[in-house]
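# Summary of structural features
The primary structure of each chain is shown beneath.
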Amino acid sequence: RGVGCATFACLTSPATISLVEQQHQEGEWNVLALTVNPEERDINLIVDAERAMLAELHHALRDVASNDYDCGDNSPGVSPSLRVHCKVMETLAGNCEQLGLTPIAVIQSNDDNNDDDSNLTEEEPIWFRCDL
C-alpha cells in the first residue's frame with residue numbers, strides 16, 4: 001500500500017512474518033498481514049508467535065515514535081498506535097484477548113475508493129488496536 005510498507009520477520013521457531021504500513025506522521029502502524037510458519041501444528045506455539053510479533057511491532061513503534069518526538073517530526077500529543085486490519089484477524093489463530101487486541105470502529109469516507117473495505121458496514125470493526 002505504498003512507500004510506507006515494511007516487512008518484519010522473526011526467524012526463530014516458529015518463523016513469523018508481517019507486512020506493516022507505517023504512517024509516521026499520524027503515529028500509526030497498520031498490520032496488513034501476519035503469518036506464522038504454515039508447517040507449525042501446535043496451536044499454542046502459533047498463538048504465542050502471533051502475540052510475540054505484535055508485541056515486538058508495538059515496541060518498535062514506540063521506539064520510533066520516541067525518536068520522532070526527539071527530532072520534532074511529530075506534533076506533541078500524538079500517541080503511537082498499532083492497528084490490525086479485520087482481514088488479518090480472520091487469519092490469526094489467537095483471539096482478541098490472547099493477542100491483546102481491542103476492536104475499534106473506523107468510518108470509511110465515501111471518496112476513499114482505494115480501500116477494499118467499502119463492503120463493510122460502519123458497525124463492523126475494521127481495525128483492532130494492539131494494547132500490548
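Right, let's walk through the structure included here. This one's a predicted model, so the numbers in the text were calculated from it and none came from an experiment.

## Some points on the overall build of the protein
- If you tally the helices and strands in the protein, you get three helices and six strands.
- Traced from its N-terminal end to its C-terminal end, the protein shows the element sequence β-β-β-α-β-α-α-β-β.
- By the burial criterion, 36% of the 132 residues in the protein qualify as buried.
- When the accessible surface of the protein is split by element, carbon and sulfur atoms take 49% of a total near 7800 Å².

## Thoughts on the nonpolar core
- Within the largest apolar cluster, 22 residues are counted, with the highest numbers of intra-cluster contacts made by Val 31, Leu 34, Leu 54, Leu 57, Leu 82, Val 84 and Leu 101.
- Those elements giving two or more residues to this core turn out to be β3 (28-36), α1 (43-71), β4 (81-85), α2 (86-89) and β6 (127-130).
- In terms of residue count, the dominant contributor to this core is α1 (seven residues).
- Residue contacts for Leu 34: discarding those within four places in its chain leaves Thr 16, Ile 17, Ser 18, Glu 50, Met 53, Leu 54, Val 88, Thr 91 and Leu 92.

## Thoughts on unusual backbone geometry
- Put simply, Ser 13 and Pro 14 share a cis peptide bond, and its omega is -5°.
- Within the secondary structure, Pro 14 is located in the loop between β1 (5-10) and β2 (16-23).

## Some words on the packing of aromatic side chains
- Inspection of every chain in the model, using the stated rule, returns one aromatic pair.
- Note that Arg 83 overlies the ring of Trp 127, its terminal NZ or CZ placed 4.0 Å from the centroid.

## Some words on the pattern of salt bridges
- Scanning the entire structure with this criterion turns up two salt bridges.
- The salt bridge involving Glu 28 is made with Arg 83; its shortest N-O contact spans 3.6 Å. A residue pair is termed long-range when its members are at least 10 positions apart, and Glu 28 in strand β3 and Arg 83 in strand β4 qualify at 55 residues. Each member of the pair, Glu 28 as well as Arg 83, carries the same accessibility label: buried.

## Notes on the side chain of Ser 18
- By the element assignment, Ser 18 lies in strand β2.
- On the basis of relative accessibility, which here comes to 2%, the residue Ser 18 falls in the buried class.
- Within the structure, Ser 18 has its side chain in polar contact with the backbone oxygen of Ala 33 (distance 2.9 Å).
- Beyond its immediate chain neighbours, meaning those up to four positions away, Ser 18 contacts Ala 6, Thr 7, Phe 8, Val 31, Ala 33, Leu 34, Met 53 and Leu 57.

## Side note on the sheet that holds β1
- Here we have six strands laid out as an open sheet, ordered β1-β2-β3-β4-β6-β5, and mixed in their pairing. At either margin of the open sheet sits one strand with a lone partner, and together these are β1 and β5 (101-104). Across this sheet, the average inter-strand angle for adjacent strands is 35°, counted without regard to direction.
- Bridge count between β3 and β4: four bridges; the pairing is parallel. Looking at β4, one finds that Glu 28 is bridged to Ser 81.

About the criteria used
Residues numbered from 1 in each chain as written. Predicted model: local features only at pLDDT ≥ 70, side-chain atom pairs only at ≥ 80, totals over all residues. Heavy atoms only, no water. Helix = DSSP H or I, 4+ residues; strand = E, 2+ residues; numbered from the N terminus. Buried < 20%, exposed > 50% of the residue type's maximum accessible area, 1.4 Å probe, protein only. Areas by Shrake-Rupley, 256 points an atom, 1.4 Å probe, with all protein chains shown as cover. Core = buried A, V, L, I, M, F, W, Y, C linked by side-chain atoms within 4.5 Å. Contact = heavy atoms within 4.5 Å. Phe/Tyr/Trp six-rings, centres within 6.5 Å; stacked < 30°, edge-to-face > 60°. Lys NZ or Arg CZ within 6 Å of the ring centre and 35° of its normal. Salt bridge = Lys/Arg side-chain N within 4 Å of Asp/Glu carboxyl O. Polar contact = N/O pair within 3.5 Å; in protein donor to acceptor, adjacent residues only side chain to side chain. Pairing = 2+ DSSP bridges. Axes fitted to C-alpha atoms, helices over the stretch in contact; angles between N-to-C directions.

Keep in mind these numbers describe shape, not what the thing actually does.
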